[in-house]
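# Fold and geometry: a report
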Amino acid sequence: MTKKQQGELRRWIAFSAIVVALFALIILGKSIAERSGILDDTGLIGSNSTIDIGLIDAPKSLDIRTEQGTAVEQALLGNVYETLIGRDENNRLIPSLANSWSTSKDGRTVTLRLRANTTFSNGDTLDADDVVWSLQHIISDKYVGYERLGSIAAVSSEDARTVTLTLREPDATLLRALSGRAGIVYDSTANPDYATQAMGSGPFIVERTYRQGAATITLQRNERYWGSSTAASSQISLHYYGDESSLIKAAADGKVELALPLEHTSIADIGKRTGMKAVQGSSTSKVMLVFNCGTESPMSDLRTRQSFRYLIDTAAVASSATDAKQALGGPIGPLEPGYADLTGIYPHDQAKAAQMLTYYSTRYFGDLTFLVPQEYQALGEQLNEYLKQGTSTLTAINPDMQVVDDATLNQRLASGDFKLALITVSGTDNVDLFNGVNNTLQYQNGNAQQEYQQAVASANDADYAAHMKTFAQTVSQDAAAAWLYERGINIAVNPKLTGYPVNLTDEILPLKDLTLGKQH
């Protein structure tokens, strides 16, 4: 063979080797892409994709039985743990582990019918025995939410798929309680370390042992999930940031596909600051000015409370607050049974308020202690200015605004060391401030409390909603507080993300349908 022929052969061999290597790289790349969910033949980035979500305030523990606050619910409720009854995005009750339920005519017996073939993530069957065991332990061990089950006298199983709740008295709030932590079904034969591990029947499992202070909770698809389909994505990582600025930066840097809540960033600014789509959802959380109605407080007088409500321009407050969804005039929001627009009961009317306040001497209001949480200092100053407008030659209103941390605020509310306070509260807790259950505000109104009891004793949802509407009207007319607005949930979303929840995400964050697709 000549040198020329030898050279051509070497070049051919080298060329062939390069072709083979390139082909191998293409095959390897395709395999990696398929495993990571980058490619599939549907246009989706893939069911095996990993999705990153940015949140604020990590739970201290995974123990959903005892950990206070909503952070652990956001992460685990509906994802790892499931409840007997579910809630949709409009806060309506829907089937979950219980496929159906019924209430006896006298309201004292609730029958739950469980789905067939449900299992926990370890493969154990989920049946009526687990439900009975779970409810009994939630009540006896006083897990978070147990007080919502106070009407239950006994729990029993008729068969593997039927559970009967015998009540001491009718309780129209019970079914909704079973859609929260009080309705979680635990594996009666398992004994995980709940603080660091989580094991339920949901579409995800927690990937690894969780340690207090960890910045990430990783959820992996539960391949044993009993539902009609498993989770759309194989892994979802919940990343926790110390403050909103850090979360905004992570979104802008493309480190997360979903960021929430962005309470201090307006909807208009979210897109500018992150380059992502801005979405606002609804919640049952409310921002309101509450009054100490104790006999030693000037706020015990109806005329005073009414005057203060007239002084505050609720519509202006709601339009200027970055976390506001809409103005409110009473204790029930749009996502709750019995809602009606009550903002017209006390419209902003400074002249009317001033006329009513002439009834009081200059010394009447004295030391009007006004507690404001740190995050709402600007709103507190705005309210302060509204209240000062009630000052005249005859009446002096000069609130002593004190900006405090959350722990101090809660302690002083509990001890009654305040006259006014700016607070945020969820729907259920808000109602409890005025129905006689929670006496923090020392508010008493026999008619309102009777109307609430009639609502609880209702035999159907329609009657319950009607009574709650009447309750809300009475409480608002009595100026029990100055409700300002329903909190919106501001979210930054990758435009390619689909299946994400919008409403109620400050409480529950169901992630089963979350997936990435091609941007159109």
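Residues numbered from 1 in each chain as written. Predicted model: local features only at pLDDT ≥ 70, side-chain atom pairs only at ≥ 80, totals over all residues. Heavy atoms only, no water.

This next bit is on helix α14 (residues 461-477). The terminal C-alpha atoms of α14, which comprises 17 residues, lie 24 Å apart, in line with the 24 Å expected from a rise of 1.5 Å per residue. Along α14, the residues that are buried comprise Tyr464, Met468, Phe471, Ala472, Thr474, Val475 and Ser476. In this structure, the buried side of α14 is in contact with α7 (302-311), α12 (427-432), α13 (446-456) and β18 (481-487). Of the residues that open α14, the one with a side-chain oxygen 3.2 Å from the backbone nitrogen of alanine 462 is asparagine 460. (Helix = DSSP H or I, 4+ residues; strand = E, 2+ residues; numbered from the N terminus. Expected span 1.5 Å × (residues − 1). Buried < 20%, exposed > 50% of the residue type's maximum accessible area, 1.4 Å probe, protein only. Contact = heavy atoms within 4.5 Å. Polar contact = N/O pair within 3.5 Å; in protein donor to acceptor, adjacent residues only side chain to side chain.)

The next thing to look at is the packing of α13 against α14. Following both chains from N to C, one finds α13 and α14 inclined at 165°, their axes separated by 8 Å at the closest point. Here α13 lies roughly antiparallel to α14, going by the angle between them. The way α13 lies across α14 gives a crossing that is left-handed. Counting all contacts with α13, which are made through Asn447, Ala448, Glu451, Tyr452, Gln454, Ala455 and Val456, the residues of α14 involved are Tyr464, His467, Met468, Thr470, Phe471, Thr474 and Val475. For the contact of α13 with α14, a count of residues per class yields eight nonpolar, five polar and one charged. (Axes fitted to C-alpha atoms, helices over the stretch in contact; angles between N-to-C directions. Parallel < 35°, antiparallel > 145°, perpendicular 65-115°, else oblique. Left-handed = near helix turned anticlockwise from the far one by under 90°. Nonpolar A, V, L, I, M, F, W, Y, C, P; charged D, E, K, R; others polar.)

Reading across the sheet, the four strands line up as β4-β5-β7-β6 and stay open at both edges, with antiparallel pairing between neighbours. With one partner strand each, in any of the chains shown, β4 (98-103) and β6 (152-159) form the two edges of the open sheet. Between one strand axis and the next, the sheet turns through 20° on average, direction left out of account. Along the sheet, helix α3 (residues 128-140) contacts β5 (109-114), β6 and β7 (162-167); its crossing angle with β6, the most-contacted strand, is approximately 170°. (Pairing = 2+ DSSP bridges.)

Strands pair in a sheet through their backbones, by hydrogen bonds, and they do so in one of two ways: parallel or antiparallel. On the basis of which strands lie adjacent, the open sheet formed by six strands has the order β14-β18-β13-β17-β15-β16 and mixed pairing. Because the sheet does not close on itself, it has two edges, and the strands there are β14 (324-327) and β16 (400-404). Here the strands of the sheet are splayed against their neighbours by 30° on average, with no regard to which way each runs. Summarising the sheet, β14 and β18 pair through three bridges and their orientation is antiparallel. Bridge pairing in β18 places alanine 327 opposite tyrosine 485. Strands in contact with α7 are β13 (286-291), β17 (420-425) and β18; relative to β18, the strand with the most contacts, it is inclined by about 40°.

Inspection of the sheet shows β4 paired to β5 by five bridges, in the antiparallel sense. Bridge pairing in β5 places tryptophan 101 opposite leucine 112. Here β4 folds back onto β5, and the loop between the two strands holds five residues, one of which, glycine 107, carries a positive phi near 75°.

The next thing to look at is the packing of aromatic side chains. If you walk through the whole model with that rule in mind, you get 14 aromatic pairs. Between phenylalanine 434 and tyrosine 443, the ring centres sit 5.8 Å apart and the planes meet at 75°, which makes this aromatic pair edge-to-face. In this pair, the class of phenylalanine 434 matches that of tyrosine 443, namely buried. Put simply, the rings of Phe291, Phe308, Tyr359, Tyr360, Tyr364 and Phe365 pair up and form one aromatic cluster. Of note, arginine 303 hangs over the ring of tyrosine 359, and the distance from its end group to the ring centre comes to 4.5 Å. (Phe/Tyr/Trp six-rings, centres within 6.5 Å; stacked < 30°, edge-to-face > 60°. Lys NZ or Arg CZ within 6 Å of the ring centre and 35° of its normal.)

Scanning all chains against the criterion turns up 15 salt bridges. Between glutamate 207 and arginine 208 there is a salt bridge, with its nearest N and O atoms 2.8 Å apart. You can call arginine 208 exposed: its relative accessible area is 52%. In this structure, the salt-bridge partner of aspartate 323 is arginine 487, at a minimum N-O distance of 3.4 Å. (Salt bridge = Lys/Arg side-chain N within 4 Å of Asp/Glu carboxyl O.)

Further remarks concern the confidence of the model for the chain. For the chain, the mean per-residue pLDDT works out to 90, and 90% of the residues sit at or above 70. Below a pLDDT of 50 lies the segment residues 1-7, which in the model reaches two contacts outside its immediate sequence neighbourhood of four places, other chains included. (pLDDT = per-residue confidence, 0-100.)

Once that is clear, we can look at the nonpolar core. Most often, soluble globular proteins have nonpolar side chains that are buried together. Counting 71 residues, the largest nonpolar core has Ile53, Leu76, Leu165 and Leu238 as its most contacted members. Ranked by residues supplied to this core, first place goes to α3 with five residues. In contact with leucine 238, not counting residues within four places along its chain, are Ile53, Leu55, Ala75, Ala215, Thr216, Ile217, Leu219 and Leu511. With 64 residues, the next largest nonpolar core counts Ala321, Phe370, Leu371 and Ile423 among its residues. (Core = buried A, V, L, I, M, F, W, Y, C linked by side-chain atoms within 4.5 Å.)

A few words on unusual backbone geometry. Geometrically, the link from leucine 260 to proline 261 is a cis peptide bond, its omega value of -10° lying close to zero. Tracing the chain through its elements places proline 261 in the loop between β11 (258-259) and α6 (267-274). One non-glycine residue with positive phi stands out, namely aspartate 57, at about 70°. The phi dihedral of asparagine 117 falls on the positive side, at around 60°, and the residue is not glycine. As for its placement among the helices and strands, asparagine 117 is situated in the loop between β5 and α3. For asparagine 117, a relative accessible area of 71% corresponds to the exposed category.

Checked against the element boundaries, isoleucine 508 lands in the loop between β20 (497-498) and β21 (515-516). Of the residues examined, isoleucine 508 reaches a relative accessible area of 13% and is grouped as buried. Residues isoleucine 508 and alanine 75 lie 433 residues apart in sequence; the distance between their C-alpha atoms is 7.7 Å. Leaving out residues up to four positions away in the same chain, isoleucine 508 has contacts with Leu77 and Arg87.

Our focus in this paragraph is the environment of glutamine 477. With respect to the element layout, glutamine 477 can be found in helix α14. Accessibility expressed as a relative area gives 40% for glutamine 477, which makes it partly exposed. For the pair glutamine 477 and alanine 321, spaced 156 residues apart in sequence, the C-alpha to C-alpha distance is 25 Å.

Right, let's talk about helix α9 (residues 350-357) for a bit. Looking only at α9, the buried set comprises Ala353, Met356 and Leu357. Looking down the long axis of α9, one finds its buried residues gathered within 95° of arc, a one-sided arrangement. Exposed residues pointing more than 90 degrees away from the buried face of α9 are listed as Ala351 and Gln355. Buried residues along α9 sit in contact with α7. (Arc of directions from axis to C-beta.)

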